[in-house]
Amino acid sequence: MLKFENCSIGHEQRLYEILSLELKQGEFVALIGANGSGKSTLMDSLVQGKFSNGKVSFEGQDWNDLKLLARARKITLVDNHFLGFDYLKVSEYLELGRHSYTGFTGRLSQEDKSIIQKYIQTLHLDSLLDQSTSTLSDGERQRVGIAKALIQETPIVLLDEPTAFLDYPTKREVMSLLGSIAKESKRLVIIASHDIDFCIEFCSRILVIEKNSKTLQSHQSINHDELVKQAFGI
Ligand SMILES: Nc1ncnc2c1ncn2[C@@H]1O[C@H](COP(=O)(O)OP(=O)(O)OP(=O)(O)O)[C@@H](O)[C@H]1O
């Protein structure tokens, strides 16, 4: 589905290489690496379709060649930086998730409405719909962000540290939910995370930015000690 060949990841300086990697639909993938190793950079490069060398392709098509709207229908990113706006209610924020289908009029079709409703149920957001996005708790904001991403119905969903700020049971709930979504709706879900043990438990594949070789290594299974050694060199 999403294939990388000989790609260098980084801004002004090269952070690491992805020599050969193919990610498939239905996979729940964790991206693990030290602070500053380049997890968000990879996610941003995917969202922006900007790979300066090597080749990234999606179902055979060059990823860099996709036009903005085509890419917006294929990939979405949930990051932790959105803190909400006083004037933006949760219901309105969720509706923005259909933007790449409604265009500038923002008029929702029946299908758009039923997709939004489906994820309101899945993420238990009924009681929050009229609340301002600026007053949500961290856990609530995380659930709202995930719902908005799923409402976009893209085949690839990226989440930058989706379990940061969450309490233990909510972390488990979110990881389990993301795993089910990947499997049941056959999406490729990729998370950047520092919650190593949750990733080992819930993810179907672990990608590690190896500290020493500066390459991305893929594992179907890996234990805690080996993962720590690869990612942090300790
Ligand atoms: N727009 C940018 N221009 C230049 N350098 C950048 C830019 N964004 C990030 N960097 C640098 O790229 C490196 C990787 O940053 P990135 O945010 O991808 O790391 P990360 O693995 O997500 O880190 P963390 O775990 O701390 O969130 C850092 O050294 C950062 O300072």
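Cut-offs applied
- Residues numbered from 1 in each chain as written.
- Predicted model: local features only at pLDDT ≥ 70, side-chain atom pairs only at ≥ 80, totals over all residues.
- Heavy atoms only, no water.
- Phe/Tyr/Trp six-rings, centres within 6.5 Å; stacked < 30°, edge-to-face > 60°.
- Buried < 20%, exposed > 50% of the residue type's maximum accessible area, 1.4 Å probe, protein only.
- Helix = DSSP H or I, 4+ residues; strand = E, 2+ residues; numbered from the N terminus.
- Lys NZ or Arg CZ within 6 Å of the ring centre and 35° of its normal.

- For the chain, an unreviewed UniProt entry supplies the name Phosphonate-transporting ATPase and the organism Fluviicola taffensis.

1. A short note on the packing of aromatic side chains
Moving on, step 1. A complete count under the given rule lists 5 aromatic pairs for this structure.
Moving on, step 2. Taking the centre distance of 5.4 Å and the plane angle of 15 degrees together, the rings of phenylalanine 85 and tyrosine 87 count as stacked.
Moving on, step 3. What makes tyrosine 87 exposed here is its relative accessible area of 63%.
Moving on, step 4. For the ring pair tyrosine 168 and phenylalanine 198, a centre distance of 5.8 Å and an interplane angle of 45 degrees mean the geometry is tilted. Remark: phenylalanine 198 occurs in helix H8 (residues 196–202) and tyrosine 168 occurs in helix H7 (residues 168–184); sequence separation between them is 30 residues.
Moving on, step 5. What links up through ring pairs into an aromatic cluster is the set Tyr168, Phe198 and Phe202.
Moving on, step 6. Sitting over the ring of tyrosine 101, arginine 73 keeps its end group 4.6 Å from the ring centre.
Moving on, step 7. Positioned above the aromatic ring of tyrosine 101 is the side chain of arginine 98, whose terminal nitrogen or guanidinium carbon lies 4.3 Å from the ring centre.

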